[in-house]
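# Descriptive structure summary
What follows is the residue order along each chain.
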Amino acid sequence: MSRWLWLSFIFLFIPQVVWASEKEEWIVQVRHTSDVRHLQPYVVDTIGTFVKVAVTEEERENISRLPFVLNMEKNDIKRAAVDDPLFSEQWSLAVIDWHIPSLTSMNRLIGKQMIVDGREYVYDGESFEGEHIVIALGEETLSRLSVTVDHIEGPWRIQVKDETGAMLGENEGELARLDVLLSRPSSTVHLYVTAPNWTNRPRIVELKGVNHVIVAIVDSGVALHEDLNDHVLYSVSVDYAENKRYADDTFGHGTHVTGILAASVNNGKGIAGLIGDAPIDILPIKVLDRYGVGGDFEIAKGVKYALDHGASVINLSLAGQGETEVLKAIIEEAVKRGVHVVAAAGNSHMPTTNIYPASYPGVMTVAAVDREQMPLSISNYGWDVEISAPGDFLISTYISGYRTMRGTSMAAPHVSALLAILRATYPEEDALQLRKRVWKTTKDVHWRGYDMYTGYGMIQWQQALALSAPLGIDWLNLQPGQPIAKNRTYILALSSPFVGKQGHLFVNGKLVYSFNVDREMMSFRLFDLMKQQGDVAVVITDEKRVIASDVRATPIRPTPFSDVKKTYWAYSDILQAQQLGMIRGYGDGTFRPNNPLTRRESIVMLARLFDWEAPSLLSAPFVDVPLTTTNALLVATAAEKGIVKGAGGKALLHEQVTRGELALLLVRALQLENEPIRSVYPFQDVKQQDVWKAVQLLAERGIVAKVPYFHPNEPVTRAQMCAIIVRVSTLIRQYSTKSA
């Protein structure tokens, strides 16, 4: 069962459990400011007798009935108005839940003490003349210095040096603005502005210093379009396709991709770019010629240029067949440095197996979805696809004017923009954590869970920004449900705090390999370690304490079971349980529906139903289930949660589960043990008090039938367990439909 379905179930049936995703903001007006203390668990902010609270629907109803509450109203959300005339045609922005970024670029030189040609000067943003400017930055870090002059008479030059005279960066050209990307921080910088052979000295109309995240657009270049914001660094662009001075776009594709990210917002022209005025720079790198064609050597040079100039995100809206060592090596270097490499999946409606750079490990490969949020018909698919974004006839800037284009090339910059915003918002998080923010908050738009057509789902802008910091552990080239290949090396990426800790590899919950985490990227030949297909779990421990974990589920192919005929009473339930990924059957193609359910099988099915994670301590809670036993990891989790209690220190996994025991397991798993019984049903054969209460709670929620006899001592069959799973899932789907 997917996490969001489970949360919906919690919301519907377990009022005392509070999840952040259920809460909404309301404004409560109370009689006196002293009344605020009674709402303290829910308070977000206050203005006099008005209190902003975050509450569930049930909590809202309870608060509204309190005697000191005068009024309660929804905290209605307003959005910044966008006056760009083509904004209404940008259908993709609504489906990814995009809002104009609240982050804004800041000129960090305003108010700075400077020495201009020997004279002390405090920069206030006004124009001035000067050839040698000394700027005291102190602890301030700048990624870029830009100088704009009042006129152009020919080539001019800027150089930036540190206090020792070592070069930090330089640029020369005939543009009104020249930019320098600074190679490293310096407490004091010396800026030299020279214009040889000019009749009139240049006057500096703007001096700008920023600390921005850099997104490199490795594409066909960029045109000097009136709707692109000044974060597009045309003066430091480079052309490896046609060897021109700047990355001038002669094809149009790169300008279109750039506009999706960096079109000016609220300038009364064209469209709105995703990054708004956030502290993000766009570095155009031309590797595709006027026909949209470029070689791997040129693309590799482009990626290297991006790395050498401090890019945090590299957008590769290009794809083709064939692998080369030169491109593979430079992308591998980028991934090792913690740079996000975002690549289009390609537009041939074919597997990504031999599509590059999409298939290189560590690349975030993006598929495209259409207006109905379904896979775009031309989009490539495969296990390399990690994420999806809108790509169907999107309007953006072009060489002149605007044009709609479609494909995974248009989807990729949506992901690059989000990663850049996340990098600017959470500079303390590493690339692995930011990557996980993106895929953990996607909207499931195709098959349930991960699928090869849309990856983890379609990006969701606000949800990714709101997620609490995820743990930095992820397989770079292994997706949920992906079969383990015999001759393939799999790469496990880990955040630096986990280096020096212990790692443990589990297959089907059985410990098969322990290792020292000695670096941030570790390679494994999983087929050799596993000896079989199965769920793959990695658990990182400090002593026995679990500090991180990652679980990848084995594919469950919905093939018919040979021993379950269409006339069988539970045929539909078994089929649905299989489609939900809760059951797998046996290797011989049978399900054996009438076999009694064992304790082991019940734990496995509950773990899949509730999507349990690893326990907080890695130890064997029962003497008969060492960690080297199949499903030991799930048993440890179930024991820690108090769901499985065992007997005499043993789990007795081989024993059958009775209907009464299953009722207890379900109530514990659903956290219903402390819930009151609202209606009593006459189960005449249930005498044991805890079982009686469990059955009542389940009957009240429609999970078990309201009949006179429950038969608590009878064994549960595998078919009956499927019926229970489906019953719960049906209730969840009904609730989801009503609330949609």
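Just so you know, these numbers come straight off a predicted model, no measurement behind them.

### Re the pattern of salt bridges
Scanning all chains against the criterion turns up 38 salt bridges. Between Asp588 and Arg592 there is a salt bridge; the shortest N-O distance is 3.1 Å. We classify Arg592 as partly exposed; its relative accessible area is 31%. Among the ionic pairs, Arg678 bridges to Glu675, the shortest N-O distance being 3.8 Å. According to the relative accessible area criterion, Glu675 is buried, its value standing at 7%. Overlapping salt bridges bring together Glu386, Arg435, Asp474, Asp550 and Arg552 as one network.

### Things to note about the packing of aromatic side chains
Applying the stated criterion across every chain yields a total of 19 aromatic pairs. On the basis of an interplanar angle of 80 degrees and a centroid distance of 6.3 Å, the ring pair of Tyr513 and Phe524 is categorised as edge-to-face. Taken together, the residues Tyr513 in strand 28 (residues 510-516) and Phe524 in strand 29 (residues 521-524) connect sequence positions 11 residues apart. Sitting over the face of the ring of Tyr586, Arg592 holds its NZ or CZ atom 3.7 Å from the ring centroid. The cationic tip of Arg718 hangs over the ring face of Phe591; the distance from NZ or CZ to the ring centre is 4.3 Å.

### Digging into the pairing of strand 11 (residues 177-181)
A large share of strand 11 lies buried, amounting to five of its five residues. Both faces of strand 11 are covered, namely the face carrying Arg177, Asp179 and Leu181 and the face carrying Leu178 and Val180. Here strand 8 (residues 144-149) runs beside strand 11; their pairing, made up of five bridges, is antiparallel. Note that in strand 11 the partner of Val147 across the bridge is Leu178.

### Points about the sheet that holds strand 26 (residues 490-494)
Ordered by their spatial adjacency, three strands build an open sheet running 25-26-29, and the pairing between neighbours is antiparallel. Unpaired on one side and paired on the other, strand 25 (473-475) and strand 29 mark the two borders of the sheet. Each neighbouring strand pair of the sheet contributes to a mean axis angle of 20 degrees, computed without reference to strand direction. Both strand 26 and strand 29 contribute to a ladder of four bridges, which runs antiparallel. Directly across from Leu492, in strand 29, lies its bridge partner Met522. Contacts from helix 8 (residues 431-440) reach strand 25 and strand 26, with the element oriented near 70 degrees to strand 25.

### Quick notes on the nonpolar core
A general feature of soluble globular proteins is that nonpolar side chains tend to end up buried together. Phe506, Ile574, Ile583, Leu606, Trp612 and Leu698 are the most contacted members of the largest nonpolar core, which has 66 residues in total. Elements with a contribution of two residues or more to this core: strand 30 (536-542), helix 11 (571-579), helix 12 (599-610), helix 13 (632-640), helix 14 (659-669), helix 15 (689-700) and helix 16 (718-739). With residues up to four places along the chain from it excluded, the contact list for Leu606 reads Trp612, Leu665, Leu666 and Met721.

### Comments concerning unusual backbone geometry
Note the cis peptide between Tyr356 and Pro357, where omega equals 10 degrees. Of note, Pro357 is situated in the loop between strand 20 (355-356) and strand 21 (364-369). Residues other than glycine seldom take positive phi values, yet Asn243 does so here, at roughly 55 degrees. As for its placement among the helices and strands, Asn243 is situated in the loop between strand 15 (238-239) and helix 4 (253-262). We note that Phe393 has phi near 50 degrees; this positive angle belongs to a residue other than glycine.

The rules behind the values
- Residues numbered from 1 in each chain as written.
- Predicted model: local features only at pLDDT ≥ 70, side-chain atom pairs only at ≥ 80, totals over all residues.
- Heavy atoms only, no water.
- Salt bridge = Lys/Arg side-chain N within 4 Å of Asp/Glu carboxyl O.
- Buried < 20%, exposed > 50% of the residue type's maximum accessible area, 1.4 Å probe, protein only.
- Phe/Tyr/Trp six-rings, centres within 6.5 Å; stacked < 30°, edge-to-face > 60°.
- Helix = DSSP H or I, 4+ residues; strand = E, 2+ residues; numbered from the N terminus.
- Lys NZ or Arg CZ within 6 Å of the ring centre and 35° of its normal.
- Pairing = 2+ DSSP bridges.
- Axes fitted to C-alpha atoms, helices over the stretch in contact; angles between N-to-C directions.
- Contact = heavy atoms within 4.5 Å.
- Core = buried A, V, L, I, M, F, W, Y, C linked by side-chain atoms within 4.5 Å.

By themselves, these are just geometric observations and shouldn't be taken as functional.
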